[in-house]
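An overview of the molecular structure
Take a look at the letters that make up each chain.
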Amino acid sequence: MQVVFYSAQSYDKTFFEQANYQFGYRLKFIEASLNLETASLAQGADAVCVFVNDKLDEACLAALKNEGVKWVALRCAGFNNVDLLAAKAFGLPVVRVPAYSPEAVAEHTLALMLTLNRHTHRAYNRVRESNFQLQGLLGFNLHQKCIGIIGTGQIGIATAKILSGFGCQLLAYDPYPNEEFVALGGEYVEVDTLYHLSDVITLHCPLTPENHHLINGAALASMKSGVMLVNTSRGGLIDTRAAIMALKSGQLGYLALDVYEQESEFFFRDLSDEIMTDDDLSRLMTFPNVLITGHQGFFTQEALTEIAMVTLNNLQELISTGHSANSLTCQN
Ligand code: NAI
């Protein structure tokens, strides 16, 4: 059994080789991301293991099938980058890791909120230059603020639990309400009400064709002036240009992004010697009230250990039964 890992980083190799003691597969790690052009690198492999920015569209899946690949294993939860309909048509089962450590992403969400809220990103730089002035660092309490959570699945609930400890008022929008959220004292409202009432809005829903650019100009205009928006889900949920306009006008008071619409061209790479070609990303980086991290919400030891174990186990299930509890179907 050979598994080819696309978009592989040194930490993928470390954690997967450790988990593989139990499975004994042949693992091959390649840096290139998966697309139509790189599909041929999977020649002879039984399975490919891919990450968030690998593009498994119809043409790419057809090419994988041609190379003899039998299974596709996502080492992540989100699957907006896979054409599941095409995968089904080609008879390529797709598995994912639905929940490895929702707390890892929830804690990162809080780190982003608290950094922007108390300007610790600016304070860090200031103090290193022996500037101990406080002007410009005035924050606000999260205590008693109204937090709007869009999507109360695993990560949304983990975030709500932390925020309830801060004494926040919790609102949520989710087409499938979760009793755990209500038990925490939270209240489900329509998305427009959430926009209207929240001091901080945090996104924890998957990206689908229906909610692409959910946060557009109209949504931003209906939010409280000076609202904080946090996105640790998927970049395509926010219309970046609309967010930039709202930041320029002050309507959007703070923006924290762990994900970005065009991140596949930039994230997970060291581009510090190169010219930044994305004008929107460049513009975002000029705002003092914007904080960007490069899709690191999942990046904890606990999460990587779990991701490696579950991914290899998913493949084991596919080999032995042709199905896995973590198989994706078109309806997912
Ligand atoms: P989940 O599947 O447990 O929960 C998603 C929730 O969103 C569900 O309750 C669903 O009903 C709800 N939902 C779907 N469409 C919605 C909409 N239009 N508006 C409001 N709610 C909607 O997923 P989980 O594990 O909580 O992950 C959420 C997202 O976080 C993933 O889809 C992924 O994109 C992102 N993620 C980001 C990571 C990072 O490193 N930054 C790591 C892991 C996941």
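Described in the following lines is the structure provided in the data block.

The rules behind these values
Residues numbered from 1 in each chain as written. Predicted model: local features only at pLDDT ≥ 70, side-chain atom pairs only at ≥ 80, totals over all residues. Heavy atoms only, no water. Helix = DSSP H or I, 4+ residues; strand = E, 2+ residues; numbered from the N terminus. Rg over C-alpha atoms; globule rule 2.2 N^0.38 Å. Contact = heavy atoms within 4.5 Å. Areas by Shrake-Rupley, 256 points an atom, 1.4 Å probe, with all protein chains shown as cover. Lys, Arg positive; Asp, Glu negative; His and termini not counted. Charge placed at Lys NZ, Arg CZ, Asp CG, Glu CD. Near = heavy atom within 4 Å. Polar contact = N/O pair within 3.5 Å; in protein donor to acceptor, adjacent residues only side chain to side chain. Nonpolar A, V, L, I, M, F, W, Y, C, P; charged D, E, K, R; others polar. Buried < 20%, exposed > 50% of the residue type's maximum accessible area, 1.4 Å probe, protein only.

1. Considerations on the overall build of the protein
The helix and strand tally for the protein stands at 12 helices and 13 strands. In terms of overall dimensions, the protein is globule-like: its C-alpha atoms have a radius of gyration of 21 Å, near the 20 Å expected for 332 residues. Summarising its shape, the C-alpha atoms of the protein cover approximately 60 × 50 × 35 Å along the three principal directions. Here the contacts in the protein between residues at least 6 apart in sequence split such that 67% fall between residues at least 24 apart. Carbon and sulfur atoms form 51% of the exposed surface of the protein, whose accessible area is close to 16000 Å². In the protein, the 21 positive side-chain charges and the 35 negative ones have mean positions that sit 4 Å from each other.

2. Here's the deal with the site of the ligand
Inspection of the region around the ligand gives 24 residues, with Gln-154, Ile-155, Asp-174, Thr-232 and Asp-258 positioned closest. Within the contact set of the ligand, a nitrogen atom lies 3.4 Å away from a side-chain nitrogen or oxygen of Asn-211. Within the side chain of Arg-234, a nitrogen or oxygen atom sits 3.3 Å from an oxygen atom of the ligand. In isolation the ligand offers 870 Å² of accessible surface; the protein chains occlude 84% of this area. By residue class, the composition of the shell around the ligand is 11 nonpolar, 10 polar and 3 charged.

3. Some points on helix α10 (residues 240-249)
Every buried residue of α10 is listed here: Thr-240, Ala-242, Ala-243, Ile-244, Ala-246 and Leu-247. Taken together, the buried residues of α10 touch α9 (217-221), β11 (252-257), α11 (279-284) and β12 (290-292). Here α10 starts with a cap whose side-chain oxygen sits 3.2 Å from the backbone nitrogen of Arg-241, and that cap is Asp-239. At the C-terminal side of α10, Gly-250 shows a positive phi close to 90°.

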